[in-house]
Amino acid sequence: MSNNPYRAPIFTNGYEHTQGWGYELPQYPFIEPPELKTGATHRYDIVIVGGGITGLTLACSLANWGVNAVLLDEDNTVGVKGASSRGICYTQKSLEIFKRLGIYESINDKGIQWSVGRTFAGHDEVFSFDLRQQSLFNLSEQPPFINIQQFYIEGYLVERIIAINEKKPLIDLRWMSRVINFSQSTEYAELEVQTPKGNYKLQATHVVDSTGSHTPFHDWCNMSMDSKRGDDRWCIADVKFKDTPPTERHTWIEAPFNENRAVWQHLMGDAVWRIDYQMAPDADPAYVSREDVVRERLKRQFGDNLSCEIVWVGPYAYKSQCLHQLQKERVYFMGDTAKVVSPFGARGGNTGIADADNLAWKLAAVFKGKAPAQLLKSYNDERLEAAQQNVMITRRTARFLRAPQGIEKLMRSAVIGLAKKYAFARVLINTGRMAVANRYTRSRICTSTGGVSVQNVSFKWHASHNGQLNDLIRWADGNLLLLLLGSLSKRDIQKLQQLSQQWPARVVQVITPNAYAQAIEHVIDHQGHLKTACNLQDHQWALIRPDNYLAALGSGVDTNLTLGIQRALAYSP
């Protein structure tokens, strides 16, 4: 971490952190691309614009599926220079994705696991939860949440991409490459790129924009959106304490040490605490983020004998916005280019990670000839629904934390008062509904029984060797994974053999306590983890996509199974 002298922040009305002390970040070299060397304009299948957590997740996912892509980033590092740790809270779904990508162990080693959250109003605890006790979280091999600075994850993704490239060059990482112009036609998209060595043009079949909320692609593609700017003001302090608080998520709706305004308290990697203080709506950002003012605020919370090091400080405001569509001809929008949410419940960066995971397997399936191009349209179906849900949920939290005068303010006061005495009112306390994997109800490629994320649960390959669902997903190698629970008839086995030869689907028998192995590809699920995670009943099947989402459930090896596979790959009308 840097010991650079403190720099006064520059306030922004967008949900982007401002300049502060900052962290020391890795720097990557600019490598002259072939277009500058030869002057020729080359065409690529996929060009990703933006090397933040969303763009890097997409690039790493594509590399994992063996697909080539070019990634353009205008900076030469991860994170944002001088702009703190930004996102810190990563959900179980994101951690399951990172497990598949091969970086989970690094995240787990550096970050902080947590599952307990407590909410206070004044000195009274008015709400608490333990996510490990909830069915949405308790089956996975990954914890409910890990807190870690965002730039660490981005760095791990870069390292993983480089490691994959050493075996087979797949991802062309182009640093210090800013896209300054764009056009698209029925044949291709063309991008003009500015670099330290001059400008050049390249063409792409598909362009993925993950450059953030201020992206020029919104104007270039004439995108429409719903947008709402908040008038809430916050100040972040990233702090290292001599004596640390408990490793739990603590929030205050009304903190007596912050003029009865809200406060968030989280532990991250490197024993750094992220503390968010809600400020007055008319607060001067330069004043509230001054070092002496921040230290005084910390003393009010932790006592006059406080001993700490301030790692980073900076004010922020936020807005929420959501595009009306996430695909415009050859361009796909993901992460903060697709939507911007209020920073409550960890629904920002995590949904960008899920965007990338969703699109990656579909691009891979199309380019490898496993599915028609029609499959790519389902990205908009699924991730637009997710974006709209997350914007709606976080807007509700924002209104609860700074309720407008009138009936909402009266309701909030009543809820807080009742929650101090009665359990029934505590569920109405809203300091951020913690993010879970979104369900897809509008998807053209999922049946009414599908659209649900399946947790990365454990099973046994044989009596002494454990496995995880992610192992089966990797083994399926970009194909659909068909799990069949219980015993199979000879006719079923014959039909399944024909099915797997005709369609890109890998078949696995799931052995329950009352069944025996009849297929070479089988796993043992005596504890019922796979059965529960897939919501299976005896003698049913589950069709799972490469992003660990359920495409369909059914019973019987019949026409419905074939139709489910066809639909999951967008072959059916």
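About the criteria used
Residues numbered from 1 in each chain as written. Predicted model: local features only at pLDDT ≥ 70, side-chain atom pairs only at ≥ 80, totals over all residues. Heavy atoms only, no water. Helix = DSSP H or I, 4+ residues; strand = E, 2+ residues; numbered from the N terminus. Buried < 20%, exposed > 50% of the residue type's maximum accessible area, 1.4 Å probe, protein only. Contact = heavy atoms within 4.5 Å. Pairing = 2+ DSSP bridges. Axes fitted to C-alpha atoms, helices over the stretch in contact; angles between N-to-C directions. Parallel < 35°, antiparallel > 145°, perpendicular 65-115°, else oblique. Left-handed = near helix turned anticlockwise from the far one by under 90°. Nonpolar A, V, L, I, M, F, W, Y, C, P; charged D, E, K, R; others polar. Salt bridge = Lys/Arg side-chain N within 4 Å of Asp/Glu carboxyl O. Expected span 1.5 Å × (residues − 1). Arc of directions from axis to C-beta.

Q: When you look at the environment of Val391 in this model, what are you seeing that I'm missing?
A: Structurally, Val391 can be placed in helix H10 (residues 378-401). Assessed through its relative accessible area of 5%, Val391 is described here as buried. For Val391 and Lys339, which are 52 residues apart along the polypeptide, the C-alpha to C-alpha distance reads 7.6 Å. Excluding residues within four positions of it along the chain, Val391 makes contact with Ser320, Gln321, Cys322, Lys339, Val340 and Val341.

Q: I keep staring at the pairing of strand S15 (residues 261-267) and nothing clicks. Help me out?
A: On any regular strand, side chains alternate: one points to one face of the sheet, the next to the other face. Counting buried residues along S15, six of its seven residues qualify, which places the element largely inside the surrounding structure. Direction of pairing for strand S14 (residues 249-255) relative to S15: antiparallel, over a ladder of four bridges. Residue Trp252 lies in a different strand from S15, and its bridge partner there is Val263. The antiparallel pairing of S14 with S15 creates a hairpin that spans five residues between the two strands, and Glu259 there sits at a positive phi of about 55°. Strand direction decides the pairing type here: S15 and strand S16 (residues 273-279), joined by five bridges, are antiparallel. From the neighbouring strand, Trp264 faces S16, where its bridge partner is Asp276.

Q: I keep staring at the packing of helix H2 (residues 53-64) against helix H5 (residues 150-167) and nothing clicks. Help me out?
A: The angle between the axes and the distance between the axes are what describe a pair of packed helices. Interhelical geometry of H2 versus H5 gives an angle of 25° and a closest axis separation of 9 Å. Looking at the two axes, H2 sits roughly parallel to H5. In terms of crossing hand, the pair formed by H2 and H5 is left-handed. Where H2 abuts H5, its residues Ile53, Leu56, Thr57, Ala59, Cys60, Ala63 and Asn64 lie against Gln150, Ile153, Glu154, Leu157, Val158, Arg160, Ile161 and Ile164. Taken together, the residues that form the contact of H2 with H5 break down as ten nonpolar, three polar and two charged.

Q: Sorry if this is basic, but what is going on with the environment of Tyr422 here?
A: Assignment of secondary structure puts Tyr422 in the loop between helix H11 (407-419) and strand S22 (458-462). For Tyr422, a relative accessible area of 44% puts it in the partly exposed group. In the structure, Tyr422 is positioned 296 residues away from Val126 in sequence and 8.9 Å away in space, judged by C-alpha atoms.

Q: I'm lost on the pattern of salt bridges in this one. Help?
A: Once the charged atoms of two side chains with opposite charge are near each other, the side chains can pair. Taken as a whole and assessed by the stated rule, the structure comprises 23 salt bridges. Where Glu35 meets Arg174, a salt bridge forms, and the shortest distance between an N and an O atom there is 3.1 Å. Residue Glu35 is located in helix H1 (residues 34-38), and its partner Arg174 is located in strand S8 (residues 171-174); the two are separated by 139 residues in the primary sequence. Each member of the pair, Glu35 together with Arg174, is buried. Ionic pairing is found between Lys362 and Glu382, a salt bridge with its closest N-O pair at 2.8 Å. In this pair, Lys362 is assigned in helix H9 (residues 349-367) and Glu382 in helix H10, connecting sequence segments 20 residues apart.

Q: Sorry if this is basic, but what is going on with helix H13 (residues 490-502) here?
A: Because an α-helix packs 3.6 residues into every turn, residues spaced three or four apart end up facing the same way. Helix length check: H13, at 13 residues, gives a terminal C-alpha distance of 19 Å against a target of 18 Å (1.5 Å per residue), a fit within 8%. Among the residues of H13, Asp492, Leu496 and Leu499 are the ones counted as buried. Along the axis of H13, the buried residues cluster in a sector spanning 60°; they form a single face. Opposite the buried face of H13, by more than 90 degrees, sit the exposed residues Lys490, Arg491, Gln498, Gln501 and Gln502.

All we've got here are geometric facts, nothing functional implied.
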